[in-house]
Amino acid sequence: MDDTTSADRALRLIRQGRTLRWEGDFQNARQLLTALGRRTRRPRQLNSLLIAMTDYEIRLRRAPDVYQACLEAYGPPDGERLIPLRELLGVIGAHQLRKRGIYLPALDTRIHPHYGVFAPTRSEYVALLANEPLPPAEVAFDIGTGTGVLAAVLVHKGIRTVIATDNNPRAVECARETLGTRAQVIEADLFPPGRADLIVCNPPWVPGRPMTVLDTAVYDEDSRMLRGFLHGVRDHLNPGGEAWLILSDLAELLELRSRAELLDEFQAAGLEVVGRSSAAPTHRKARNDETTYLWRLRPSEAAPFVEEA
Ligand SMILES: C[S@@+](CC[C@H](N)C(=O)[O-])C[C@H]1O[C@@H](n2cnc3c(N)ncnc32)[C@H](O)[C@@H]1O
């Protein structure tokens, strides 16, 4: 495939099951990918346009230097590699975002997300936590910390001991970089050992199957993290402690989970709602009818509702 290949011909070959190794000018490959994107939306087809690299060097005309970006995404170079141009552009974009960082007014600082880590590009949920008055709390947990942004807010609000967890090693590394010595970051499935006065969690907002590692922070298969958090949190709270769940109503708008189902889930986990605040998302990709909520939950006095088998 080279500069003479038309988008129609490329797509015909892809539809026959071929993968296309690009030999022409790099910028023309980008244009071809854009043209393909106008003809098909299928990720598999769009991922069929491949770029060759040797130790992260692309030997094509007008190719960018992608060494650092690839190092961050894939680790040390390993010789010849063929990767989908579409993926490579994502790797380059992630590197630029990490370098530039995302400015968060609530912290008056920049957060530098690593490749494969949920980036706080929508800052409304960060402000929601920052603006919520704290109950008395010495120890707080941030479950599924990602870049460590919410743990940083908890530290900023004056909580003395903050422990953050994530089950994605990339997130653990990123959060350690964000938080330094101000908080402890542990690789764990949901909860760290011990108990806290306040436990915060911002799980992926949409129930659904993640297709790539990048999806795991957006899709929560069978609401596993949400349910794991709700059903486990009582056992990790100190008496009088609160669980704060940050969740948008996107899943409700997409009719993937109803409000009643969410409230039933709270009840089944033995939790009651003691407060709720909300914010309208400001991010340009958010739906304009979407609302992000901070649910303040506490163990209910009544025994948890257990469904009979
Ligand atoms: C929507 S992101 C939120 C990240 C960050 N707290 C924020 O608000 O920007 C959800 C995070 O939960 C993590 N996660 C998913 N399942 C988890 C589990 N079982 N235990 C710990 N972390 C988990 C993901 O890796 C991801 O970083």
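Owing to the predicted nature of the structure, the values given are computational and were not obtained by experimental measurement. (Residues numbered from 1 in each chain as written. Predicted model: local features only at pLDDT ≥ 70, side-chain atom pairs only at ≥ 80, totals over all residues. Heavy atoms only, no water.)

Draft legend 1. Inspection of the environment of Ser-248 at higher detail. With respect to the helices, strands and loops of the structure, Ser-248 is situated in strand E12 (residues 237-248). On the basis of relative accessibility, which here comes to 3%, the residue Ser-248 falls in the buried class. For the pair Ser-248 and Ala-279, spaced 31 residues apart in sequence, the C-alpha separation works out to 9.1 Å. In contact with Ser-248, not counting residues within four places along its chain, are Trp-205, Glu-290, Thr-291, Thr-292 and Tyr-293. At 2.8 Å, the side chain of Ser-248 and the backbone nitrogen of Leu-250 are in polar contact. Here the side chain of Ser-248 touches Glu-290 through a polar contact of 2.9 Å, side chain to side chain. (Helix = DSSP H or I, 4+ residues; strand = E, 2+ residues; numbered from the N terminus. Buried < 20%, exposed > 50% of the residue type's maximum accessible area, 1.4 Å probe, protein only. Contact = heavy atoms within 4.5 Å. Polar contact = N/O pair within 3.5 Å; in protein donor to acceptor, adjacent residues only side chain to side chain.)

Draft legend 2. How the structure looks around the site of the ligand. Around the ligand lies a shell of 19 residues, among which Tyr-125, Gly-144, Asp-166, Asp-189 and Asn-202 are the nearest. A distance of 2.8 Å is found between a nitrogen atom of the ligand and a backbone nitrogen or oxygen belonging to Leu-190. Contact distances for the ligand include 2.7 Å between an oxygen atom and a side-chain N or O atom of Asn-202. A total of 600 Å² of accessible area belongs to the ligand in isolation, and the protein chains cover 96% of it. Secondary structure elements with two or more residues in the shell around the ligand: helix H7 (149-156) and helix H9 (224-233). (Near = heavy atom within 4 Å. Areas by Shrake-Rupley, 256 points an atom, 1.4 Å probe, with all protein chains shown as cover.)

Draft legend 3. Layout of a nonpolar patch on the surface. On the surface, a nonpolar cluster with roughly 220 Å² of combined accessible area is contributed by Phe-118, Val-218 and Tyr-219. With respect to the helices and strands, the residue Phe-118 is situated in the loop between strand E5 (109-111) and helix H6 (124-131). (Patch = residues over 30% accessible without salt bridge, like charges linked within 9 Å, V, L, I, M, F, W, Y side chains within 5 Å. Salt bridge = Lys/Arg side-chain N within 4 Å of Asp/Glu carboxyl O.)

Draft legend 4. Expanded view of the sheet that holds strand E9 (residues 196-201). Strand order in the open sheet formed by seven strands is E8-E7-E6-E9-E12-E14-E13, with mixed pairing between adjacent strands. Among the strands making up the open sheet, the edge pair consists of strand E8 (184-187) and strand E13 (271-279). Averaged over all adjacent pairs, the angle separating strand axes in this sheet is 20°, with direction ignored. Two elements, strand E6 (residues 139-143) and strand E7 (residues 161-166), share five bridges in a ladder whose sense is parallel. Residue Phe-141 lies in a different strand from E7, and its bridge partner there is Ile-163. In the packing of helix H8 (residues 169-179) onto the sheet, the strands contacted are E7 and E8, and the crossing angle to E8 comes to about 175°. (Pairing = 2+ DSSP bridges. Axes fitted to C-alpha atoms, helices over the stretch in contact; angles between N-to-C directions.)

Draft legend 5. Highlighting the domain arrangement of the protein chain. Parsing the protein chain into structural domains produces domain 1 (7-98) and domain 2 (103-299). Computed over C-alpha atoms only, the centres of domain 1 and domain 2 are separated by 34 Å. Tallying the contact residues gives six residues for domain 1 and seven residues for domain 2. Here domain 1 meets domain 2 over a buried area of about 640 Å², counting both sides, of which 56% is carbon and sulfur. For domain 1, the biggest contributors to the area lost against domain 2 are Ala-73, Leu-97 and Arg-98; these three give 73% of the whole. Our count for the contact surface shared by domain 1 and domain 2 stands at one salt bridge. (Domains from an automatic or database assignment. Buried area = accessible area lost by both parts, 1.4 Å probe.)

Draft legend 6. View of unusual backbone geometry. In the Ramachandran plot, Asp-222 falls in the positive-phi region, its phi being about 50° despite a non-glycine side chain. Note that Asp-222 resides in the loop between strand E11 (219-220) and H9. With a phi angle near 50°, Ser-223 is a residue other than glycine that sits in the positive phi range. With respect to the helices and strands, the residue Ser-223 is situated in the loop between E11 and H9.

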